[in-house]
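What follows is the residue order along each chain.
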Amino acid sequence: MEPVIRIDTVRNYNDCIGVDTLHPLVSVIDFNEVPKVINFRMFMGIYALFLKNIKCGDMIYGCQPYDYEDGTLVFVSPGQVYGIDSKGVARVPSGYALVFHPDLIKGTSLGRNIKYYTFFSYAVREALHLSKKERSIIVDSLEKIASELKSNLDKHSKTLISTNIQLMLDYCMRFYDRQFITRNNTNKDILVRFEQLLNEYFESEKARDLGTPNVTYCAEQLHLSPSYFGDLIKKETGSTALDYIQNRTIDEARTRLFDTTRSINDIAFDLGFKYQQHFTRLFKQKTGMTPLEYRNDN
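Residues numbered from 1 in each chain as written. Predicted model: local features only at pLDDT ≥ 70, side-chain atom pairs only at ≥ 80, totals over all residues. Heavy atoms only, no water.

Brief notes about the overall build of the chain
- Counting secondary structure elements, the chain contains 12 helices and 10 strands.
- In the chain, once contacts between residues fewer than 6 apart in sequence are set aside, the share between residues at least 24 apart is 74%.
- Carbon and sulfur atoms make up 49% of the accessible area of the chain, which amounts to about 15,100 Å² in all. (Helix = DSSP H or I, 4+ residues; strand = E, 2+ residues; numbered from the N terminus. Contact = heavy atoms within 4.5 Å. Areas by Shrake-Rupley, 256 points an atom, 1.4 Å probe, with all protein chains shown as cover.)

Shown next as structure tokens:
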């Protein structure tokens, strides 16, 4: 396995791939101007967006390899490991990259809202696949940012650059919404498997051993990143993944409360609650009554 190169600055990244640095905090790279690549792995301390035109190797996210398709967008946030494994064959990449340091967006609208662009936490296998029209919009946005970088920097530069990046990310949100819709059958299948997962969780001893099911556990079992999983559930059901899990837990509790041979404390423990008061608090929050009141009313 290749050693991991630490990328803490935009200049670090530009030097690594062999391009000039026009701005210390942001760079747009045309991969047609980059030498052939073989293998590399980078620990990213900066944000990155990669628009890939052709496959030039298996992309590495963390320690896992993923095949990516032609014409896709991949997002990387600080703290993630990103790389390419071309199986030892030197290949010429094609496409674009936008990399920017967190300091670029401090104090800007983008800086205040970057957490809402949850696709920066998606796994590479959840990349955004673009139509030709969508790709042209992204390329146009990148070219506008590149043009600004080639101009003389002034007091307006930071605002114009960050605004153009934010506009492009807003388009990406729209395109992801389209992708969620066009993959409706796949999403429905995930919902079915999610429900089966929760059923099996409560039917087994997992709740006793692991506690109440959580979003991260469910996402891992479905081979999705927590962010992508959460966004998918929200798009499909209108509820957050956490709310969905909690509602499913309370539905299970309602059923079990009809068995008067089991104490409320035992039911709470069976459902993964370490303390009965936590179970009672959630039950009342979701139903408007305590478990005991619900049992007595039914």
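Quick look at the sheet that holds strand 7 (residues 72–76)
- Spatial ordering of the open sheet is given by 2-9-4-7-10, a layout of 5 strands whose pairing is antiparallel. This sheet does not close on itself; its edge strands, each paired only once, are strand 2 (26–30) and strand 10 (128–129).
- Direction of pairing for strand 2 relative to strand 9 (residues 95–100): antiparallel, over a ladder of 5 bridges. Paired with I29 across the strands is A97, a residue of strand 9.
- Seen against the sheet, helix 1 (residues 10–17) touches strand 2, strand 4 (47–52) and strand 9 and runs at an angle of roughly 20 degrees to strand 2. (Pairing = 2+ DSSP bridges. Axes fitted to C-alpha atoms, helices over the stretch in contact; angles between N-to-C directions.)

Things to note about helix 3 (residues 132–150)
- If you check helix 3, its first and last C-alpha atoms are 27 Å apart, about what 19 residues at 1.5 Å a residue would give, namely 27 Å.
- In this fold, the buried residues of helix 3 make contact with strand 2, strand 4, strand 7, strand 9, strand 10 and helix 4 (157–182). (Expected span 1.5 Å × (residues − 1).)

So, the packing of helix 3 against helix 4
- Viewed as axis vectors pointing N to C, helix 3 and helix 4 meet at an angle of 170 degrees, and their least axial separation amounts to 10 Å. Viewed along their axes, helix 3 and helix 4 adopt a mutual orientation that is roughly antiparallel. Between helix 3 and helix 4, the contacting residues are E134, I137, I138, S141, L142, K144, I145, E148 and L149 on the first element and S157, L160, I161, N164, I165, M168, Y171, C172, F175 and R178 on the second.
- In terms of residue class, the contact of helix 3 with helix 4 is built from 12 nonpolar, 3 polar and 4 charged. (Parallel < 35°, antiparallel > 145°, perpendicular 65-115°, else oblique. Nonpolar A, V, L, I, M, F, W, Y, C, P; charged D, E, K, R; others polar.)

Some points on the packing of aromatic side chains
- Scanning the entire structure with this criterion turns up 20 aromatic pairs.
- Both rings, one in Y13 and one in F50, keep their centres 6.4 Å apart while their planes meet at 50 degrees; by these two values the pair is tilted. Of this pair, Y13 sits in helix 1 while F50 sits in strand 4; the two residues are 37 residues apart in sequence, bridging distant segments of the chain.
- A residue is classified by how much of its surface remains accessible, and Y13, at 1% relative accessible area, is buried.
- Judged by its relative accessible area of 0%, F50 is buried.
- Three or more aromatic residues joined by ring pairs make a cluster, and in this case those are Y47, F75, F100, Y117, F119, F120, Y176, F180 and Y228. (Phe/Tyr/Trp six-rings, centres within 6.5 Å; stacked < 30°, edge-to-face > 60°. Buried < 20%, exposed > 50% of the residue type's maximum accessible area, 1.4 Å probe, protein only.)

Examining the side chain of D231
- Within the secondary structure, D231 sits in helix 8 (residues 226–237).
- This buried residue, D231, is left without a salt bridge; K235 holds the nearest opposite charge, at 5.5 Å.
- Setting aside chain neighbours within four positions, we find D231 in contact with T118, Y122 and F180. (Lys, Arg positive; Asp, Glu negative; His and termini not counted. Salt bridge = Lys/Arg side-chain N within 4 Å of Asp/Glu carboxyl O.)

So, the environment of N296
- Inspection of the secondary structure puts N296 in helix 12 (residues 291–297).
- Given a relative accessible area of 59%, N296 falls into the exposed group.
- N296 sits 36 residues away from T260 along the chain, and the two C-alpha atoms are 9.9 Å apart.

Here's the deal with the pattern of salt bridges
- Taken as a whole and assessed by the stated rule, the structure comprises 14 salt bridges.
- As a salt-bridge pair, D103 and K106 come within 3.1 Å of each other at their nearest N and O atoms.
- According to the relative accessible area criterion, D103 is partly exposed, its value standing at 32%.
- A relative accessible area of 54% means that K106 is categorised as exposed.
- We note a salt bridge from D270 to R208, for which the minimum N-O separation is 2.4 Å. Taken as a pair, D270 in helix 10 (residues 264–270) and R208 in helix 6 (residues 206–210) lie far apart in primary sequence, 62 residues in all.
- Using a relative accessible area of 12% as the deciding quantity, one classes D270 as buried.
- Given the relative accessible area of 35%, R208 is considered partly exposed.

Some words on the packing of helix 9 (residues 241–257) against helix 11 (residues 276–287)
- Orientation of helix 9 relative to helix 11, taken along the N-to-C sense of each, is 100 degrees, at an axis distance of 10 Å. In terms of axis orientation, helix 9 runs roughly perpendicular to helix 11. Contacts from D243, Q246, N247, I250, A253, R254 and L257 of helix 9 reach helix 11 at F279, L282, F283, K286 and T287.
- Split into classes, the residues belonging to the contact of helix 9 with helix 11 amount to 6 nonpolar, 3 polar and 3 charged.

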